[in-house]
Amino acid sequence: MDPFEETRPLLRGPVVNEEDPLSPPDGAEQQSDLSKVKNGKLFLATFAAVLGPLSFGFVLGYSSPAIPNLKTIDNPRLHLDEEEASWFGSVVTLGAAAGGLLGGWLVGRLGRKLTIMVCSLPFIFGFTIIISAQNVWMLYGGRVLTGLASGVTSLVVPLYISETAHPRVRGMLGSCVQLMVVTGIMGAYIGGLLLDWRWLAVLCSVPPTLMLGLMCFMPETPRFLLAQGREVEALAALRFLRGPDAPLHWECAQIEAAARQQGAGGFRLKDLQSPGLYRPLLVGVLLMLFQQLTGINAIMFYAETIFEEASFKVCPLGVSSHWID
C-alpha cells in the first residue's frame, strides 16, 4: 500500500499550500473566496438548532410560575405541598445530569443533526405528560423528561453550530445559545403572567416541536460526515451552508487536516500531568462549580415563590414592586 494513502485527503480540491492545508488563501484570493460565501441558510440552520436552548430556557423557567398554581389547585391529586413543590422544581436537574452523559454517546453514534432531532422528543413528550397530568408523579415524570432533553441539548447544539459555522460568524452564532436560554426563561416568566400551568406547558412545547420540523430540512455537519467517510454528503452540506460558489473542496480539505491534527496520538490520562492542560481544565471546572454554588438554579426554579415569601407584591401599575412591612 502507498505509505501516503492513509494521510491523503479524501477530497482533492484547490488547496493553496500543499505543505499546510490549514493555511487560507492569500490576499485578494482570500477576499474573493469570502465574498462568495452566503450566510442565509447557515443562519436558518442555526435558528433551527437554537430552538433547543430556547426550549431549555422554558424548562428552567416553567416551575417558577407553575408551582404557585399547583399549590392552590383544587384537585387533590395534583395539589403540591411544600416538599412536593420543591421536588417539582429540582427534579429536572436529575434528568439534565443523565442527559449530559447520554448526549456525549449520542453525538458520536447518531451524529449532530439526528441527536438534536431525537432530543426534541423528550421535550415534547415531557410537556405532553405535564399537560395531561392526573397526579403528582406524572408531573415529576414530565419534568425529568424535559430535564433529560435539556442535558442533551446543552451539549449537542453548541457542537452543531461550531461545526457548521465558518470562522467569520462562529463566535456570533455560538453566543446565540446562551441568549436563547435566557430568552426562554424570560418567555416562561412572561407566559406565567397570562396562562395557567397547563396552557403554559402547551406554550413551552411549541419551540421543540418547531425544532423537530425544521431540523428535518437542515444538513448534518460536514465534519461528522467526513469522519464517517461520506464525502459527497459533506460537499452537499457545505454547498447548502455556504452557497454553490464558495470554495467547498478547499474547506473540506481544511476540515480533514484539522481532524487529523486533533486525532494524532489521541488523549491519554497521563497527558493531564502537563500544566498547559490541567491548569486551564481546573480553572474551567472550578468556574462551572462556583457558578452552580451561587444557587442561581434555585432562584430560577422558584423565583415567584421566593418573591412571594419575601412579601414582595406587584404594585397597582404592574411595573414595579415594593416592600410590605
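Model, not experiment: these values are computed from the prediction.

Give me the lowdown on the overall build of the protein chain, citing residues and values where you can.
A count of helical and extended segments in the protein chain gives 15 helices and 2 strands. Looking at the 325 residues of the protein chain, the share that counts as buried comes to 39%. Partitioning the intrachain contacts of the protein chain with sequence separation of at least 6 by distance along the chain shows that 76% fall at a separation of at least 24.

Break down the environment of P53 for me, citing the residues and quoting the values.
Along the polypeptide, P53 turns up in helix α2 (residues 40–71). By relative accessible area, which is 1% here, P53 ends up buried. Placed 100 residues apart in sequence, P53 and T153 show a C-alpha to C-alpha distance of 6.6 Å. Beyond its immediate stretch of four places on either side in the chain, P53 contacts T153, V157, V177, M180 and V181.

Can you lay out the nonpolar core for me, pointing to particular residues and giving the numbers?
Counting 56 residues, the largest nonpolar core has Y62, F88, I116, L139, V157, W197 and M215 as its most contacted members. Ranked by the residues each element gives to this core, the list is headed by α2, at 15 residues. Those residues within four positions of V157 in sequence are excluded, and the remaining contacts are A49, V50, P53, I116 and V177. L226, A234, A237 and I255 belong to the second largest nonpolar core, which has 11 residues in total.

With reference to specific residues and values, describe the pattern of salt bridges.
Using the criterion set out here, one finds 4 salt bridges in the structure. A salt bridge links R112 to E163; its shortest N-O distance comes to 2.9 Å. Linking R112 in helix α5 (residues 112–131) with E163 in helix α6 (residues 136–164), this pair joins segments that are 51 residues apart in sequence. R112 sits in the buried class, given a relative accessible area of 12%. The exposure class assigned to E163 is buried, which follows from its relative accessible area of 12%. Among the salt bridges present, the one from R242 reaches E251, with a minimum N-O distance of 2.8 Å. For the residue pair R242 and E251, the accessibility class agrees, reading buried in each case.

Kindly report on the packing of α5 against helix α9 (residues 206–215), identifying the contributing residues and their values.
Packing of α5 against α9 leaves a shortest axis separation of 9 Å and a crossing angle of 155 degrees. If you check the angle between α5 and α9, you find them roughly antiparallel. When you trace α5 past α9, the crossing you get is left-handed. Residues K113, I116, M117, C119, S120, L121, F123 and I124 of α5 form the contact with α9, whose participating residues are P208, T209, M211, L212 and M215. Here the contact of α5 with α9 is composed, by residue class, of 10 nonpolar, 2 polar and 1 charged.

Explain the confidence of the model for the protein chain to me, and be specific about the residues and the numbers.
The share of residues in the protein chain with pLDDT of 70 or more is 83%, and the mean pLDDT across the chain is 84. When pLDDT is averaged over each helix and strand of the protein chain, the minimum, 41, is found for strand β2 (residues 321–323) and the maximum, 97, for α9. Note on residues 1–19: pLDDT under 50 across the span, and 24 contacts to partners over four residues away in sequence or across chains. Note that pLDDT drops below 50 for residues 315–325; the model gives that stretch 14 contacts with residues more than four away or on any other chain.

An account of the packing of α2 against helix α7 (residues 167–194) is needed here, citing residue identities and associated values.
Closest axis-to-axis distance for the α2/α7 pair is 6 Å, and the angle between their directions is 35 degrees. The chirality of how α2 crosses α7 is right-handed.

Account for a nonpolar patch on the surface, naming residues and giving values.
Taken together, the side chains of M186, I190, L193, L194, L195, W199 and L203 make up a nonpolar region of the molecular surface, amounting to roughly 770 Å² of accessible area. Sorting the residues of the nonpolar patch by element identifies α7 and α8 (197–204) as the ones contributing at least two each. With 4 residues, α7 is the single largest residue contributor to the nonpolar patch. On the secondary structure map, I190 appears in helix α7.

Could you give me a rundown of the packing of aromatic side chains, with the residues and numbers involved?
Taken as a whole, this structure holds 4 aromatic pairs when the rule is applied. With 6.0 Å between their ring centres and 75 degrees between their planes, Y62 and F127 make a pair best called edge-to-face. In this pair, Y62 sits in helix α2 while F127 sits in helix α5, placing the two residues 65 residues apart along the sequence. Owing to a relative accessible area of 0%, Y62 belongs among the buried residues under this scheme. Here the aromatic residues Y62, F88 and F127 are joined through ring pairs into a cluster of three or more. Over the face of the ring belonging to F88 we find R143, whose NZ or CZ atom lies 5.3 Å from the ring centre.

Tell me about α9, residues and numbers included.
Within α9, burial applies to P207, P208, M211 and M215. One face of α9 carries all of its buried residues, which in axial projection span an arc of 95 degrees. Buried residues in α9 make contact with α2, α5, α6 and α8.

Cut-offs applied
- Residues numbered from 1 in each chain as written.
- Predicted model: local features only at pLDDT ≥ 70, side-chain atom pairs only at ≥ 80, totals over all residues.
- Heavy atoms only, no water.
- Helix = DSSP H or I, 4+ residues; strand = E, 2+ residues; numbered from the N terminus.
- Buried < 20%, exposed > 50% of the residue type's maximum accessible area, 1.4 Å probe, protein only.
- Contact = heavy atoms within 4.5 Å.
- Core = buried A, V, L, I, M, F, W, Y, C linked by side-chain atoms within 4.5 Å.
- Salt bridge = Lys/Arg side-chain N within 4 Å of Asp/Glu carboxyl O.
- Axes fitted to C-alpha atoms, helices over the stretch in contact; angles between N-to-C directions.
- Parallel < 35°, antiparallel > 145°, perpendicular 65-115°, else oblique.
- Left-handed = near helix turned anticlockwise from the far one by under 90°.
- Nonpolar A, V, L, I, M, F, W, Y, C, P; charged D, E, K, R; others polar.
- pLDDT = per-residue confidence, 0-100.
- Patch = residues over 30% accessible without salt bridge, like charges linked within 9 Å, V, L, I, M, F, W, Y side chains within 5 Å.
- Areas by Shrake-Rupley, 256 points an atom, 1.4 Å probe, with all protein chains shown as cover.
- Phe/Tyr/Trp six-rings, centres within 6.5 Å; stacked < 30°, edge-to-face > 60°.
- Lys NZ or Arg CZ within 6 Å of the ring centre and 35° of its normal.
- Arc of directions from axis to C-beta.

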